[in-house]
Amino acid sequence: MTTTPDSGQPSAMTRRIEFNVPARLEEVRPIAESLRAFMADGVPQEAQDAIELGIVEAMTNVVAHGYTGMHPAALELRFEQSSNAAIAELLDTGKPIPRENLERDSSVPFEFDPDNVAALPEHGMGLALIRLSFDAVQYQSVDGVNRLTMAKRFETDKLGEEVDP
């Protein structure tokens, strides 16, 4: 973990933490717990919940879908936190997210009949959940490296407490 001053503000800090682990489901929980502890200093609870949910979903998708039928390699998470935002970057060398999944309209991500439990969708809601958890999401796959970048804004007072807008 490293810390560096934020752009131009002497008292503000940008904190960074990185994880590079084998792409296995059993690695997801320890990363989520470490990330939660890291965010405890300066990220409001509601933002922590959304960030953790989105990152866990993204990591799980990489392991479950990106490396399907392949020998899993590494899963790398880079996380940067400032006084009012966090950016997570997830990198892997698995299969890219299919273009049709990326282009699917996420404006109504969870359409289903709540009275028909048997028909509840089991798949296909991961990207929508990630998009709902973050303010901005970008994805690119270049030269065999997939990069999912997720950004979340939040407001805190000097003590790191959430501010009512």
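Residues numbered from 1 in each chain as written. Predicted model: local features only at pLDDT ≥ 70, side-chain atom pairs only at ≥ 80, totals over all residues. Heavy atoms only, no water.

Enquirer: What am I meant to see in the overall build of the protein chain here?
Expert: Looking only at helices and strands, the protein chain features four helices and six strands. The helix and strand sequence of the protein chain, counted from the amino end, reads β-β-α-α-β-β-α-α-β-β. In the protein chain, buried positions account for 34% of the 165 residues. Expressed as a percentage of contacts within the protein chain between residues at least 6 apart in sequence, the contacts between residues at least 24 apart total 60%. Surface accessibility of the protein chain: about 10,200 Å² in total, with carbon and sulfur atoms responsible for 51%. (Helix = DSSP H or I, 4+ residues; strand = E, 2+ residues; numbered from the N terminus. Buried < 20%, exposed > 50% of the residue type's maximum accessible area, 1.4 Å probe, protein only. Contact = heavy atoms within 4.5 Å. Areas by Shrake-Rupley, 256 points an atom, 1.4 Å probe, with all protein chains shown as cover.)

Enquirer: Could you clarify how one ought to interpret the packing of aromatic side chains in this entry?
Expert: For any two aromatic rings, the description comes down to two numbers: the centre-to-centre distance and the angle of the planes. The full count for this structure, using the stated rule, is one aromatic pair. Here Phe38 and Phe79 contribute two aromatic rings whose centre-to-centre distance is 6.1 Å and whose plane-to-plane angle is 85°, an arrangement assigned as edge-to-face. You can see Phe38 sitting in helix α1 (residues 28–39) and its partner Phe79 sitting in strand β3 (residues 74–81), a full 41 residues away along the chain. This pair shows no difference in class: Phe38 is buried, exactly as Phe79 is. The positively charged end of Arg15 is found above the aromatic ring belonging to Phe38, 4.0 Å away from the centroid. (Phe/Tyr/Trp six-rings, centres within 6.5 Å; stacked < 30°, edge-to-face > 60°. Lys NZ or Arg CZ within 6 Å of the ring centre and 35° of its normal.)

Enquirer: Hey, could you run me through unusual backbone geometry in this one?
Expert: Trans peptide bonds make up most of the peptide bonds, and negative phi angles are found at most residues other than glycine. Here Asp143, not a glycine, exhibits a phi torsion of approximately 50°, which is positive. With respect to the helices and strands, Asp143 occurs in the loop between β5 (136–142) and β6 (145–153). Asp143 gets classed as exposed once you look at its relative accessible area, which sits at 79%.

Enquirer: Sorry, what's going on with the pairing of β5 here?
Expert: In terms of strand pairing, β5 meets β6 through seven bridges, oriented antiparallel. Bridge assignment links Val137 to a residue of β6, and that residue is Met150. Taking the residues that link successive antiparallel strands as the turn, the β5-β6 hairpin has two residues, and the phi of Asp143 there is positive, at about 50°. (Pairing = 2+ DSSP bridges.)

Enquirer: So what exactly am I meant to see when it comes to the side chain of Arg15 here?
Expert: Take Arg15: it is sitting in strand β2 (residues 13–22). Although Arg15 lies buried, it forms no salt bridge, and the closest oppositely charged side chain, Asp41, sits 4.4 Å away as judged by the N-O distance. Reaching out from Arg15, the side chain makes a polar contact with the backbone oxygen of Phe38 at a distance of 2.9 Å. (Lys, Arg positive; Asp, Glu negative; His and termini not counted. Salt bridge = Lys/Arg side-chain N within 4 Å of Asp/Glu carboxyl O. Polar contact = N/O pair within 3.5 Å; in protein donor to acceptor, adjacent residues only side chain to side chain.)

Enquirer: Where do I start with the side chain of Asp92 in this structure?
Expert: Note on placement: Asp92 falls in strand β4 (residues 85–92). Within polar-contact distance, the side chain of Asp92 engages the backbone nitrogen of Gly94 at 2.8 Å. With residues up to four places along the chain from it excluded, the contact list for Asp92 reads Val62, Tyr67, Ala74, Leu75, Gly144, Val145 and Asn146.

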